[in-house]
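Here is how the chains run, residue by residue.
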Amino acid sequence: MVRSAGGWSGSAAVGSVFNNGVPYPGADHIQLTWTYNGSTWTRCLHYNPGPGQYKINFTSGVVIKSARWRGEC
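Residues numbered from 1 in each chain as written. Predicted model: local features only at pLDDT ≥ 70, side-chain atom pairs only at ≥ 80, totals over all residues. Heavy atoms only, no water.

Caption draft 1: Structural detail: the overall build of the protein chain. A tally of regular secondary structure across the protein chain gives 0 helices and 6 strands. For a compact globule of 73 residues, the expected C-alpha radius of gyration is about 11 Å, and the protein chain comes in at 12 Å, within 12% of that figure. Each principal axis of the C-alpha distribution contributes one length, and for the protein chain these read about 35 × 20 × 20 Å. Sorting the 73 residues of the protein chain into buried and exposed places 30% on the buried side. (Helix = DSSP H or I, 4+ residues; strand = E, 2+ residues; numbered from the N terminus. Rg over C-alpha atoms; globule rule 2.2 N^0.38 Å. Buried < 20%, exposed > 50% of the residue type's maximum accessible area, 1.4 Å probe, protein only.)

Caption draft 2: Expanded view of the pairing of strand 6 (residues 63-70). Both strand 1 (residues 8-13) and strand 6 contribute to a ladder of 4 bridges, which runs antiparallel. Note that in strand 6 the partner of S9 across the bridge is S66. With 7 bridges joining them, strand 3 (residues 29-36) and strand 6 adopt antiparallel strand pairing. Within strand 6, the residue paired with T33 across the bridge is S66. (Pairing = 2+ DSSP bridges.)

Caption draft 3: Inspection of the environment of F18 at higher detail. Along the chain, the position of F18 falls in strand 2 (residues 16-18). Note on F18: relative accessible area 39%, which makes it partly exposed. Between the alpha carbons of F18 and H46 there is a distance of 9.2 Å; along the sequence they are 28 residues apart. Dropping the residues within four chain positions of it, F18 is found in contact with N48, Y54 and K55. (Contact = heavy atoms within 4.5 Å.)

Caption draft 4: Seen up close, the side chain of H46. Along the polypeptide, H46 turns up in the loop between strand 4 (39-45) and strand 5 (55-57). Classification of H46 as buried rests on a relative accessible area of 7%. Side-chain polar atoms of H46 contact the side chain of H29, separated by 3.4 Å. In contact with H46, not counting residues within four places along its chain, are N19, D28, H29, P51, G52, Q53, Y54 and C73. (Polar contact = N/O pair within 3.5 Å; in protein donor to acceptor, adjacent residues only side chain to side chain.)

Caption draft 5: Structural detail: the sheet that holds strand 1. An order of 1-6-3-4 is seen for the 4 strands of this open sheet, with the pairing classed as antiparallel. The strands lining the two open edges of the sheet, one partner per strand, are strand 1 and strand 4. Geometrically, the sheet is characterised by an average inter-axis angle of 25° between neighbouring strands, direction not taken into account. (Axes fitted to C-alpha atoms, helices over the stretch in contact; angles between N-to-C directions.)

Everything listed here is a matter of coordinates, which is why it stays silent on function.
Have a look at this one:
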């Protein structure tokens, strides 16, 4: 498990990612980057609850590379 109150980068195999942040204009969404099968992927996660996606469940082999706070997706 990886928890971070701020931006994070590294290498972590995880089963899911959840944005449990709170409304904070300009810094309440997470830009998540991960690798899987040799490709790099990225997605913006909204805080929960929200109108957008706030959680991703991954399959085996996914490695999280970074999570950065940002504004609206």
